[in-house]
Amino acid sequence: MKIPAFAHLMMLITAVGCEQVINVEPVAASVVDVRPPAVDDPPGDIPDEPPPPADGPVPFVHLDVRRLTLAEVRQSIVDVLGVDVGAELSSIAPDPLKLEDSDSKLVFPFDNLASQQTSSLPYVDSMKTALDSAADRFVADDALRAARLPCAMSSVDDEPCAREIIAVVGRRLWRRPLLADEIDAFVGAMARGRAGGGVNETVVVIIRALLLSPDFLFRIEQGTVDVTDPSLLRLDSFEVASRLSFLAWGAGPDDALLDAAAANELGTPNERELQLQRLLSDGRARRQLGRFHSMWFGYERPQLPSTLIAPMRAEADALVDKVTLIDRAPWREVLTRNETFVDYGLALPGGGPAWVSTEGSGRGGLLGQGSFLANGAKFGDTSPTTRGAVIQTLLFCAPALHPDPSLMVNVDEAPAAVEGESNCKIDRYAQHRNDGACAGCHAFLDGTGFGLENFDATGAYRATETAAPECTIEGTGSVPGSGEFSGPAELGVLLASSDGVNSCLVTQLVRFATGHREREEDAASIARLTERFVAAEGRLDWLMVDVVRQPFFVFRHVDGGAQ
Amino acid sequence: MTILRNVKSLQLGRRSFLRGLGGVSIGLPFLECMLDSKRARAQGMPRRFAMIYAGQSTGFAQPIQFEPSDFGTAFTTTVGTAALNGEHGDLRGDVSLVTGLRIPYAGSNNADDVPPTGRVAGFHDSTRGPLISGVRAYSQDDVSGPSADWLLAPTLGRNPLIVRAQAEPYRGGEGRGRISFRDDNGNLAGQDPYVSPRQVWQSLFQGLTPQDPVEAERERLRIQRDQSVLDLVRGSSERLRNRLGVRDRQRLELHFEALRELELRVDAVSPPAIGICERPIDPGADPTVVVVSDDVVGVDMDGNLRDIGFGREDLRARLMADFVHMAFACGVENNVSFQVSFGQTFINSNFVTGLNTDIHELSHYSGGVSGVQDSAQINHAKSVNWHVDTFAYLASKLKGTDEGDGTLLDHTAMVLLFEGGWGYDPESGQGSDDDPRAHSSENMSVLVAGRAGGLRPQGHIRVAGGHPAQALLSCMRGVGYEGSLGEVDNELTELF
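Residues numbered from 1 in each chain as written. Chains lettered and ligands numbered in written order. Predicted model: local features only at pLDDT ≥ 70, side-chain atom pairs only at ≥ 80, totals over all residues. Heavy atoms only, no water.

### Some details on the overall build of chain A
Helix and strand content of chain A: 23 helices and 13 strands. Expressed as a percentage of contacts within chain A between residues at least 6 apart in sequence, the contacts between residues at least 24 apart total 72%. Total accessible area computed for chain A in this model is approximately 20,300 Å², and 53% of it derives from carbon and sulfur atoms. (Helix = DSSP H or I, 4+ residues; strand = E, 2+ residues; numbered from the N terminus. Contact = heavy atoms within 4.5 Å. Areas by Shrake-Rupley, 256 points an atom, 1.4 Å probe, with all protein chains shown as cover.)

Here is the structure:
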């Protein structure tokens, strides 16, 4: 049962028609800004940060040391060295997604959950191979070296240039100026060059070691004990810079941000906002917000035919980018936009990718796209139960629901038809919805999932069931507390006006920004952030700005993430 | 065949002990060759341990597709055990196929109801914890105790080599890709495995001195470069470590230890690849992983499109087994955990069944002619046999390598654990011995091979009511371990 990309496209085009064509700007990696190193610049004080509120604990500060995710390692190396080691990093066990807490049953959808980041020899060894490759490829490329190193060593004894390379590249990779003794230590790499390896050997050893050091692979936040609350560490300005850049780019700060840190220009909310706005105008923010949504909405690793993965991901990323960063429109339009970006190239009249209207198709926003609709593929079809669960656990941040074992449910087998009765899916699943013990969950979850049934597990429209063509799909559903709907477009409208979804957006953004689950005492802060978000037109960029302006953004608890 | 005792050059040396680590000693890998020679001789031939895990139940509707109907070393192999008497020779007399085991279970998913060494009622991945640690699973996906490989590390003198054949989870169960868990300051830390065969080759064998002088010189320079890099990294790690607070330092301690372990590997003076210690051929780039391809889009028994993936796990498993064998032969590893597949594995079964259906789906009456369960059961058994084949392949290679007055296999204890057995499923309330389900921890089986410590292969035996972790503990005892395995205190005496 092959579904060629072309056929899939035609199903989509048939449904939506064509409208407007726009150009897509390529996303380029930044060029390293080469400046003299600020080796001895102390971070200094941050004078005008308001003290933590006295009416309660500072939220979101119980944070452990975090390891860079594989995606963050990859992006950081692209930014600093101009080398993409995505292929090499694929040899490392991937960072897990969608981990459910055994107690709360809350699902953490992102790849950066600190508690899961334990090191092992296989991790370190495999990472070394990838990082070695990055250094080797960089040094072997004359153009990259010329563009991204502050100088070219004239000989194996050119210590001034070696020091400059260590300082400049080290500052980018370690996200802070190197101390004098750290630079001295790395100068020792020159022995390799003098022993016959030559100039390039020296540079290779320096960069390999900078990359493999924990200072690169881990986000260390030490700060200084806060004078008003000794339970808190106030981050230094370079640590604040990293928080900003990892939030906006999923990578370390660029030189401009490091310079701002060196000049103590990240201490005030206005200064942080200024920098965040700059970061959000960069192509890397587009990619980062694309990843935020792909993990949140469950399509980072979609179960789709390989030919559909890239164009469908492009479709999703384009919508997120257009709403959040290009139009700076209210975030809810991610769920309601009646246009979508089609990147099936050759199949479009005139060729090339295009925005097309979804008006009248039943599609709309992310929920109408194949990437999202691939969620819930099960039993060789779609599972309305699983789709309903995805919406609840990911978009409403609700605890996962599992059948009580006393109900004797096998979740790995699709409901079978009762002998002599209808084989249509809605009737088969009705057994669950009508069963007193099962109805509580299934009426809730299936009731939502069936509203998306006109769209199969690859997002293609269908009027009848694939396995039972005699069964016409009604395609109507409901979201408890929100209302009834038919199809993803109407579901998007319902969710866009939901307080629960707005609150979940704030929760997910904080999780994504911190790499930690929220704690019970953080609930009031999430509620306050949500209120402010809604009151301010609900723009995602505004929410991000509000987050970085908050006092908690520059603090960490002295006990880290200890409970 | 050549024998290990002729390979004196396998005595590994190392540079002076790592400098300036503040006297911290945290489970550093310890090479057998570092033992003084008298002590090493007194201990006899080195012993090796391998814990192998298959994320699949052995049977569902017809256990005879897996369990032989007769006993002893001449048992009649089934579809699911065919690899024990086939391509790799007749191994029936070299293994113990223990059937009739069980992991006790609760009638609910309430943690308080779980019996010792048992599991909650929900099936998938609730057996992994009891299997590898002997400690009850308080929820699905729960592992609550250190795994056997880490418990054995002090006994065997080195940390385990952790490898996995399945490249990715493919469609869920992201946290099920680990079978190695260690105590980390009172917390349990899951250990990511090597998933790249090329990386394992590079880590274990690239440094074996090649015969070709040009290549040998290149290797010498590569090692020198690595040493220079790791010297610098050690320095930066020490500086960072001294700056960190207590909790942050604890968080990073495993990373520091892994760096030190890596340094020790690089520092070890490489033995020449001669005798039974041969440098395996560079496997080249890892096989490509295809989550779902238009070329292999699967169709289940009802004609529906399936979401499946494949990363040439057949090839990966063989390569990993090759490397484990040679790591044992070269004396560079003696403690291995080898995960062939994730729990509830979603590997495309096409390479063993010819069907584009994932292995887990096979246990749900898929992969057969619609309405005919027998063919589905056979296909399910074929995928079980692939796991058995991986075990048999490794066992046969060890058996084919002489060491001292026996073979490597004689000085090894290896065990293959399965995610489940067949019978009653407390999750669904369905199943019985007459109409069994694969979501069951009744009628579980294990395969044990090797004679280390007096283990005695007995072919097919039935130990009704035994716990599969007892077989694992038996293997641990075989290599000198004297403690318990979590809540499991007793080995299976039948195996000795």
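Picking up where we left off.
### Considering the overall build of chain B
A tally of regular secondary structure across chain B gives 11 helices and 15 strands. Taking all 496 residues of chain B together, the buried fraction comes to 64%. Across chain B, every contact between residues at least 6 apart in sequence was considered, and the portion connecting residues at least 24 apart equals 71%. When the accessible surface of chain B is split by element, carbon and sulfur atoms take 49% of a total near 16,500 Å². (Buried < 20%, exposed > 50% of the residue type's maximum accessible area, 1.4 Å probe, protein only.)

### Looking at helix α17 (residues 384-395) of chain A
Residue and element names in this part refer to chain A. For α17, spanning 12 residues, the distance from its first C-alpha to its last is 16 Å, which sits close to the expected 16 Å at 1.5 Å a residue. Turning to α17, its buried residues are Pro384, Thr385, Arg387, Gly388, Val390, Ile391, Gln392, Thr393, Leu394 and Leu395. Positive backbone phi, approximately 55 degrees, marks Cys397, located one or two places after α17. (Expected span 1.5 Å × (residues − 1).)

### Considering the packing of helix α22 (residues 523-535) of chain A against helix α23 (residues 540-549) of chain A
Residue and element names in this part refer to chain A. Look at α22 against α23: their axes get within 10 Å of each other, and the N-to-C directions meet at 140 degrees. Comparing the axis directions of α22 and α23 gives the class oblique. Between α22 and α23 lies a crossing whose hand is right-handed. Facing Leu529, Arg532 and Phe533 of α22, the residues of α23 in contact are Leu540, Trp542, Leu543 and Asp546. In the contact of α22 with α23, the residues fall into five nonpolar, no polar and two charged. (Axes fitted to C-alpha atoms, helices over the stretch in contact; angles between N-to-C directions. Parallel < 35°, antiparallel > 145°, perpendicular 65-115°, else oblique. Left-handed = near helix turned anticlockwise from the far one by under 90°. Nonpolar A, V, L, I, M, F, W, Y, C, P; charged D, E, K, R; others polar.)

### Things to note about the nonpolar core
Counting residues in each nonpolar core, the largest one holds 123 residues, and the members touching the most others are Ile77(A), Leu211(A), Phe216(A) and Met414(B). Looking at this core element by element, the count peaks at 11 residues for helix α7 (residues 313-330) of chain B. The contact partners of Leu211(A), leaving out residues within four places of it in the chain, are Ile77(A), Leu81(A), Leu131(A), Ala134(A), Ala135(A), Leu173(A), Phe216(A) and Leu217(A). With 87 residues, the next largest nonpolar core counts Leu235(A), Leu373(A), Leu452(A) and Leu495(A) among its residues. (Core = buried A, V, L, I, M, F, W, Y, C linked by side-chain atoms within 4.5 Å.)

### Observations regarding the interface of chain B and chain A
If you look at the interface, chain B gives 75 residues, while chain A gives 77 residues. There are eight salt bridges connecting chain B and chain A. Salt-bridge contacts for Asp248(B) lead to Arg556(A); the nearest nitrogen and oxygen are separated by 2.6 Å. For the side of chain B that touches chain A, the secondary-structure elements that each account for two or more residues are β5 (161-164), β7 (187-190), α4 (197-205), α5 (213-243), α6 (246-267) and β9 (305-306) of chain B. Looking at the side of chain B that touches chain A, the element that brings in the most residues is α5(B), giving 14 residues. Its residues assigned to classes, the side of chain B that touches chain A comprises 27 nonpolar, 26 polar and 22 charged. (Salt bridge = Lys/Arg side-chain N within 4 Å of Asp/Glu carboxyl O.)

### Some thoughts on the packing of helix α2 (residues 70-81) of chain A against helix α6 (residues 159-174) of chain A
Residues and elements named next belong to chain A. The interhelical angle for the contact between α2 and α6, taken along N-to-C directions, is 155 degrees, at an axis separation of 10 Å. Compared by their axis directions, α2 and α6 come out roughly antiparallel. Crossing handedness for the pair α2 and α6: right-handed. Two secondary-structure elements touch here, α2 through Asp79, Val80 and Leu81 and α6 through Val169, Arg172 and Leu173. The residue inventory of the contact of α2 with α6, partitioned by class, reads four nonpolar, no polar and two charged.

### Overview of the state of the cysteines
Residue and element names in this part refer to chain A. According to the stated counting rule, one finds four disulfides over all chains in the structure shown. The side chain of Cys397 participates in a disulfide bridge whose partner is Cys504; the two sulfur atoms lie 2.0 Å from each other. In this structure, the disulfide formed by Cys397 and Cys504 twists by about 80 degrees around the S-S bond and is classed as right-handed. With a gap of 107 residues between them, Cys397 in the loop between α17 and α18 (425-434) and Cys504 in helix α21 (residues 499-514) connect regions that are remote in the sequence. No difference in accessibility class separates Cys397 from Cys504, as the two residues are buried. (Disulfide = S-S within 2.5 Å.)

### Describing the sheet that holds strand β13 (residues 555-557) of chain A
Residues and elements named next belong to chain A. As summarised here, the arrangement of the three strands in space is β5-β6-β13, forming an open sheet in which the pairing is antiparallel. This sheet does not close on itself; its edge strands, each paired only once, are β5 (224-225) and β13. Here β5 runs beside strand β6 (residues 232-234); their pairing, made up of two bridges, is antiparallel. Paired with Val225 across the strands is Leu233, a residue of β6. (Pairing = 2+ DSSP bridges.)

### Digging into the environment of Asn109(B)
Following the sequence through the fold, Asn109(B) ends up in the loop between β4 (95-101) and α2 (128-133). Taking the C-alpha atoms as reference points, Asn109(B) and Leu221(B), 112 residues apart in sequence, are found 57 Å from one another.

### Brief notes about the pairing of β7(B)
Residue and element names in this part refer to chain B. The pairing of strand β6 (residues 181-184) with β7 spans four bridges and is classified as antiparallel. The residue of β7 that forms the bridge with Phe181 is Gly190. Count of turn residues in the β6/β7 antiparallel hairpin: two residues, of which Asn185 carries a positive phi of about 55 degrees.

### Concerning the packing of aromatic side chains
One pass over the full model with this rule turns up 18 aromatic pairs over all chains. Centre to centre, the rings of Phe60(A) and Phe552(A) are 4.9 Å apart; their planes meet at 80 degrees, and the pair counts as edge-to-face. Of the two residues, Phe60(A) sits in the loop between α1 (5-16) and β1 (66-67) while Phe552(A) sits in the loop between α23 and β13, which places them 492 residues apart along the sequence. Residue class for Phe60(A) comes out buried when judged on its relative accessible area of 6%. Take Phe552(A): its relative accessible area is 8%, and that puts it in the buried class. Between the aromatic rings of Phe351(B) and Trp386(B), the centroid separation amounts to 5.0 Å while the plane-to-plane angle is 85 degrees, which identifies the pairing as edge-to-face. Of this pair, Phe351(B) sits in helix α8 (residues 350-353) while Trp386(B) sits in helix α10 (residues 373-399), placing them 35 residues apart in sequence. Residue Phe351(B) is classed as partly exposed on the basis of its relative accessible area of 22%. (Phe/Tyr/Trp six-rings, centres within 6.5 Å; stacked < 30°, edge-to-face > 60°.)

### Let's talk about the sheet that holds β4(B)
Residues and elements named next belong to chain B. Sheet architecture is open: seven strands sit in the order β5-β10-β1-β13-β14-β4-β15, paired in mixed fashion. Each edge of the open sheet carries a strand with a single partner, namely β5 and β15 (459-462). In this sheet, adjacent strand axes meet at a mean angle of 15 degrees when their direction is disregarded. Note that β5 and strand β10 (residues 335-339) share four bridges and pair parallel. Paired with Arg164 across the strands is Gln339, a residue of β10.

### Focus: the pairing of strand β7 (residues 339-342) of chain A
Residue and element names in this part refer to chain A. Because side chains alternate across β7, one face comprises the buried residues Glu339 and Phe341, and the other comprises Thr340 and Val342, equally buried. Here β7 pairs with strand β8 (residues 354-357) via four bridges, running antiparallel. Counted as the bridge partner of Thr340 is Val356 from β8.

### Let's talk about the side chain of Arg316(B)
Residue and element names in this part refer to chain B. Among the secondary structure elements, Arg316 is positioned in helix α7. A distance of 3.0 Å separates a polar atom in the side chain of Arg316 from the backbone oxygen of Val195. Sequence-distant contacts of Arg316, defined by excluding residues within four places in its chain, comprise Ala165, Ala167, Val195, Pro197, Asp286, Pro287, Val289 and Gly311. (Polar contact = N/O pair within 3.5 Å; in protein donor to acceptor, adjacent residues only side chain to side chain.)

### Quick look at the confidence of the model for chain B
Residue and element names in this part refer to chain B. Residues of chain B with pLDDT of at least 70 account for 83%, and the chain-wide mean is 84. Scored below 50 in pLDDT, residues 300-305 makes 26 contacts in the model with residues more than four places away or belonging to other chains. Model confidence for the complex: the whole-complex pTM is 0.86, and ipTM, which rates the interface, is 0.85. (pLDDT = per-residue confidence, 0-100.)

### Quick notes on the pattern of salt bridges
Residues and elements named next belong to chain A. Under the criterion given, the structure shown has 76 salt bridges over all chains. A salt bridge links Asp541 to Arg328; the nearest nitrogen and oxygen atoms lie 3.0 Å apart. Here Asp541, found in helix α23, pairs with Arg328, found in the loop between α14 (306-326) and α15 (333-336); they are 213 residues apart in sequence, far enough to count as distant. Taking the shortest distance from any N to any O, the salt bridge between Arg532 and Asp546 comes out at 2.7 Å.

### Focus: the environment of Leu131(B)
Residue and element names in this part refer to chain B. Position of Leu131 relative to the elements: it lies in helix α2. Classification of Leu131 as buried rests on a relative accessible area of 0%. Once the C-alpha coordinates of Leu131 and Pro468 are considered, the two residues, 337 residues apart in sequence, prove to be 6.5 Å apart. If sequence neighbours within four positions are ignored, Leu131 has contacts with Tyr53, Ile103, Leu417, Phe418, Glu419, Met444, Pro468, Ala469 and Leu472.

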